[in-house]
Amino acid sequence: MRNRIPSGETNEKYIISGGRKLNGEVRIMSAKNSLLPLIACSVMVNDEVFLSDCERTSDAENMLDIVRGLGGKCHFDNGGICLDCRHINGHKTNAELTGKLRSSVFILGPLLSRMHRADICYPGGCDIGLRPIDLHLTGLSSLGVKFTSEGERIAGECTELKGREVTLPLPSVGATENIIMAATMAEGRTVIRGAAAEPEIIDLQRFINMCGGKVSGAGTGRICVDGVNSLHGCSFAPSGDRIAAGTFMIGCAMCGGDVDIIGVDAAHVVSVTGLLRAAGAEITERIGGVRVKSSGNLRAPGRIETKPYPGFPTDLQAPMTALAASAKGTSYIIENLFENRFRHIPQLLKMGADITVCGRAATVRGRKLHPADLVAEDLRGGAALVLAALSADGTSTVSGLSHIDRGYYKLDERFRALGADIIRM
Ligand code: EPZ
């Protein structure tokens, strides 16, 4: 099982003159991590689907290409994505595409449900750890799928999917989503115990139910799916991207300023809010957003440990490490979810950061960072480098933008609108 670096790497980079305060409003769009399983799930819908407020991240574009390769029609329109999967006729995904993103594995459940067979390549994605898919495969096997594997490819087949009790040994977000999708049109009831409880799973439940499915319990560790015969189309608004919102919150806290972040559920970012308050930023929560005010002079947020939702998200560990690196005092970061999610740290060291790593723990002694030429090595690590460069006085560059493009659309424009000096060259 391999992790691949996304192809299409360019020589483009961000040139960032840091030290400017951020002010204004930023509107958060649909969560990338909701959208990707929803695109896959649309393969099971014999009708038209519209997903609103979507950004053209490269992960979303690649996921749509996978659906097109199976015979689906999809395009960006009216600020969202239109999908029509009535004519899906393939069951085999393109190896190059599936190798580009981890979320390609989401196609397994829907394809097995619709075609009773699926043939995919082991998924790629950010190189943040081993990222096995064993829990997806054992979960789907419990519903009656037989898998065979040859080289890079893995094929699944079933005569029909049957509802069962499935217990996950750890709350994998992706495995929970794949099993829910496969169970949606299976015969009988599936109960998933030990399920992940992330807001993106609640989005998937809302979507499936809006299409006529019967899923309950999302947001808890026990999810129940009663199989239905078919799904009809719908127009669906996924929730705002809590990780993008957290990135802007941390950025504003680091740079100083006053930013209103609109379109995110304040409850989804509550763990970020707590840490930013501990660091000295002022956060106001309201319905549909949060406002961050900061002088930019922060103290160490203290101990930061990544955990499944509602704990502090691993996807914001790198941005929070950048904050801790420039705040006054010592912080301790513990990365519990992925074994290789400190790739931003050598880059922060180039900026003069004082960080020591021991296994999955990092001790960060905050100090003033200086500008440097930085290279993004994964999506959220890349965002962390942008934040560090925006807050450090002087001119930095960030290359490796294909990683950042996976999950943030026109990040430079969004920060420029808040007063940052950042251009893409
Ligand atoms: C989702 O990945 C997100 N991706 C990740 O966001 C996020 O970091 C992660 O959840 C945790 O919150 C999407 O939703 C598209 P997991 P996923 O299965 O589903 C282990 C980003 O930056 N595991 O919950 O792949 C795994 O190795 C991305 O936007 C197995 O052992 O995460 C990890 O240690 C990166 N076997 C833990 O579970 C499996 O079969 C949690 O992974 C599956 C997972």
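Residues numbered from 1 in each chain as written. Predicted model: local features only at pLDDT ≥ 70, side-chain atom pairs only at ≥ 80, totals over all residues. Heavy atoms only, no water.

**A closer look at the domain arrangement of the protein**
Condition: Domain delimitation in this document rests on an assignment produced automatically or drawn from a domain database. The contact definition used throughout considers only heavy atoms, calling two residues in contact when any of these lie within 4.5 Å. Using a 1.4 Å probe, buried area is obtained as the accessible area two parts lose upon being combined, added over both of them. The term salt bridge refers to a side-chain nitrogen of Lys or Arg lying within 4 Å of a carboxyl oxygen of Asp or Glu. Two N or O atoms count as a polar contact when they lie within 3.5 Å, although within protein this holds only if one can serve as hydrogen donor and the other as acceptor, and sequence-adjacent residues are included solely when both atoms are side-chain atoms. Secondary structure elements are taken from DSSP: a helix is a run of H or I of four residues or more, a strand is a run of E of two residues or more, and numbering for both begins at the N terminus.
Per the domain assignment, the segments of the protein are domain 1 (13-28 + 240-424) and domain 2 (32-236). Distance from the C-alpha centre of domain 1 to the C-alpha centre of domain 2: 30 Å. With 22 residues of domain 1 at the interface, the matching set in domain 2 holds 23 residues. Roughly 1,900 Å² is buried in total at the junction of domain 1 and domain 2, and carbon and sulfur atoms are behind 48% of that figure. Its largest share of buried area at the contact with domain 2, domain 1 owes to Y309, R406 and Y409, together 35% of the area lost on that side. Summed over the shared surface of domain 1 and domain 2, the number is four salt bridges. The residue D53 makes a salt bridge to R27 at a minimum N-O spacing of 3.1 Å. Our enumeration of links across domain 1 and domain 2 arrives at nine residue pairs in polar contact (both at pLDDT 80 or more). Elements supplying a minimum of two residues to the side of domain 1 that touches domain 2: helix 12 (379-391) and helix 13 (401-405).

**Digging into unusual backbone geometry**
Going from Y309 to P310, the amide bond is cis rather than trans, its omega being 10 degrees. Counting through the fold element by element, P310 comes out in the loop between strand 17 (303-305) and helix 10 (317-326). With a phi close to 65 degrees, H116 is a non-glycine residue in the positive phi region.

**Some words on the packing of helix 5 (residues 134-142) against helix 6 (residues 173-184)**
The cut-off we apply is this: All axes here are fitted lines through C-alpha atoms, helices being fitted over the stretch that makes contact, and every angle between N-to-C directions spans 0 to 180 degrees. Roughly parallel refers to an angle under 35 degrees, roughly antiparallel to one over 145, roughly perpendicular to one between 65 and 115, and oblique to any angle outside these ranges. What makes a crossing left-handed is the near helix being turned counterclockwise from the far one by less than a right angle; a clockwise turn instead makes it right-handed. Polar here means any residue other than Ala, Val, Leu, Ile, Met, Phe, Trp, Tyr, Cys and Pro, which are nonpolar, and Asp, Glu, Lys and Arg, which are charged; Gly is therefore polar.
Contact geometry for helix 5 and helix 6: axes closest at 8 Å, N-to-C directions at 25 degrees. Considering the angle they form, helix 5 stands roughly parallel to helix 6. Judged by the twist between their axes, the crossing of helix 5 over helix 6 is right-handed. Counted together, L135, H136, G139 and L140 of helix 5 and G174, A175, N178, I179 and A182 of helix 6 form the full contact between these two elements. Looking at the contact of helix 5 with helix 6 residue by residue, the classes come out as five nonpolar, four polar and no charged.

**Let's talk about the site of the ligand**
Rules: Any residue with a heavy atom positioned within 4 Å of a molecule or strand is treated as near that molecule or strand. Per-residue and other accessible areas follow the Shrake-Rupley method at a 1.4 Å probe size, with only the shown protein chains counted as cover for residues.
Neighbouring residues of the ligand: 23 residues in total, closest D134, S172, D315, L337 and R380. The side chain of R102 places a nitrogen or oxygen atom 3.1 Å from an oxygen atom of the ligand. Here L337 contributes a backbone N or O atom positioned 2.5 Å from an oxygen atom of the ligand. Here the ligand has 830 Å² of accessible area as a free molecule, and 90% of this is covered by the chains.

**So, the pairing of strand 22 (residues 394-399)**
Regular strands place their side chains on alternate faces of the sheet. Keep this limit in mind: Here, any two strands with at least 2 DSSP bridges between them count as paired. Orient the strands so they point away from the viewer, and a crossover whose first-strand-to-second-strand path over the helix runs clockwise is right-handed.
Looking at chain direction, strand 1 (residues 13-18) and strand 22 are connected through six bridges and run antiparallel. Along strand 22, the bridge assignment pairs Y14 with V398. In terms of handedness, the path from strand 21 (residues 373-375) via helix 12 over to strand 22 forms a crossover that is right-handed.

**Details of the pairing of strand 10 (residues 189-193)**
The pairing of strand 9 (residues 165-167) with strand 10 spans three bridges and is parallel. For T167, the partnering residue across the bridge sits in strand 10 and is R193. Of the crossover connections in this fold, the one passing from strand 9 over helix 6 to the parallel strand 10 is right-handed. Pairing analysis gives five bridges linking strand 10 to strand 12 (residues 222-226), with the strands arranged antiparallel.

**Here's the deal with the nonpolar core**
Applied cut-off: Only buried residues count toward a nonpolar core. Its members are Ala, Val, Leu, Ile, Met, Phe, Trp, Tyr and Cys residues joined through side-chain atoms within 4.5 Å. Categorising residues by exposure relies on relative accessible area from a 1.4 Å probe, with only protein chains included: less than 20% of the type maximum marks a residue as buried, more than 50% marks it as exposed, and the intermediate range marks it as partly exposed.
I261, L276, L323, V386, V398 and F415 are the most contacted members of the largest nonpolar core, which totals 71 residues. The element that contributes the greatest number of residues to this core is helix 8 (residues 242-255), accounting for ten residues. L112, L137, A195 and L231 belong to the second-largest nonpolar core, a separate cluster that totals 69 residues.

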